[in-house]
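Remarks on the overall topology
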Amino acid sequence: MSKIPELSLHTVFNGTKFFLIPGDAITEHIKKYGHFELHLQELTERILLKSKPGLILDIGANIGTYSIPLAKKFPDFFFCAFEPISFIYDILDKNTKINKSSNIKIMNLALSNQSKLELIYRLPHTCGNVGGNSLDENIAKMRLNEYVKHNPKLEPELIESK
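Here is what the cut-offs are and how they apply
- Residues numbered from 1 in each chain as written.
- Predicted model: local features only at pLDDT ≥ 70, side-chain atom pairs only at ≥ 80, totals over all residues.
- Heavy atoms only, no water.
- Helix = DSSP H or I, 4+ residues; strand = E, 2+ residues; numbered from the N terminus.
- Buried < 20%, exposed > 50% of the residue type's maximum accessible area, 1.4 Å probe, protein only.
- Areas by Shrake-Rupley, 256 points an atom, 1.4 Å probe, with all protein chains shown as cover.
- Pairing = 2+ DSSP bridges.
- Right-handed = clockwise from strand over helix to strand, strands pointing away.
- Polar contact = N/O pair within 3.5 Å; in protein donor to acceptor, adjacent residues only side chain to side chain.
- Contact = heavy atoms within 4.5 Å.
- Expected span 1.5 Å × (residues − 1).
- Arc of directions from axis to C-beta.

Before going further, it helps to spend a moment on the overall build of the protein chain. Scanning the protein chain from N- to C-terminus turns up five helices and nine strands. Counted from the first residue to the last, the protein chain has its helices and strands arranged as β-β-α-α-β-α-β-α-β-β-β-β-α-β. Residues counted as buried form 46% of the 162 residues belonging to the protein chain. Accessible area of the protein chain: about 8800 Å², with a carbon and sulfur share of 55%.

Set out below in structure tokens:
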């Protein structure tokens, strides 16, 4: 496995800060446009403005480009960001901390149709898409209904998935 490149810190248009991996597709998009998939962010914001506060699940959260800005804008909602790839989870953790995201819980696991450990093969960090994977790292998988069962006070309001 290749070594993770040194991270760079960037601030996007709304003041959210992200540690980014140089050369990654998300990094290049943020550097060029000042945001990542703004149209999806705006669509989600319109939905949340009409919703009662609840649990928002970010499934395949990557470095937090959706859940962190949304948590900042919607402090009455609780966000749970699932990222199974350990080194990306570590970056997500850094990003939630630098943004003081107290209404986000991050989970180093994948949601699936079954609960088990599974092997995941990572693409090289130099491929331009560090989040792109097929199944070389053991990851924990959990069924969504099991997660919700362990968090009975919270009901999912919106699920974002890639």
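For strand β4 (residues 78-82), the buried fraction is high: four of the five residues fall into the buried class. Bridge count between strand β3 (residues 55-59) and β4: five bridges; the pairing is parallel. Paired with isoleucine 59 across the bridge in β4 is phenylalanine 82. Regarding the hand of the β-α-β motif, the stretch spanning β3, helix α3 (residues 67-73) and β4 is right-handed. For β4 and strand β5 (residues 104-107), the ladder comprises four bridges, and the chain directions are parallel. Residue pairing in the sheet places phenylalanine 79 in a bridge with isoleucine 104 of β5. Between the parallel pair β4 and β5, the chain is carried across by helix α4 (residues 86-98), and the sense of this crossover is right-handed.

Another point: the side chain of threonine 96. Along the chain, threonine 96 turns up in helix α4. There is a polar contact of 2.9 Å between the side chain of threonine 96 and the backbone oxygen of aspartate 93. Apart from the residues lying within four places of it in its own chain, the contact partners of threonine 96 are Ile68, Ser101, Ile104 and Ile106.

Bringing helix α2 (residues 38-49) into the picture now. Turn by turn, an α-helix covers 3.6 residues, leaving residues three or four places apart pointing in a common direction. The end-to-end C-alpha separation of α2 is 16 Å, in line with the 16 Å expected for twelve residues at 1.5 Å each. Looking at α2, one finds that the buried residues are Gln41, Thr44, Glu45 and Leu48. An end-on view of α2 places all buried positions within 105° of arc, on one side of the element.

What follows covers the environment of lysine 100. Along the chain, lysine 100 turns up in the loop between α4 and β5. Taking the C-alpha atoms as reference points, lysine 100 and lysine 72, separated by 28 residues in sequence, lie 8.9 Å from one another.

A positive phi angle, close to 55°, is found at asparagine 62, a residue other than glycine. Mapped onto the secondary structure, asparagine 62 falls in the loop between β3 and α3. With a phi angle near 50°, lysine 100 is a residue other than glycine that sits in the positive phi range.

Such coordinate-based values are descriptive only and should not be taken to indicate function.
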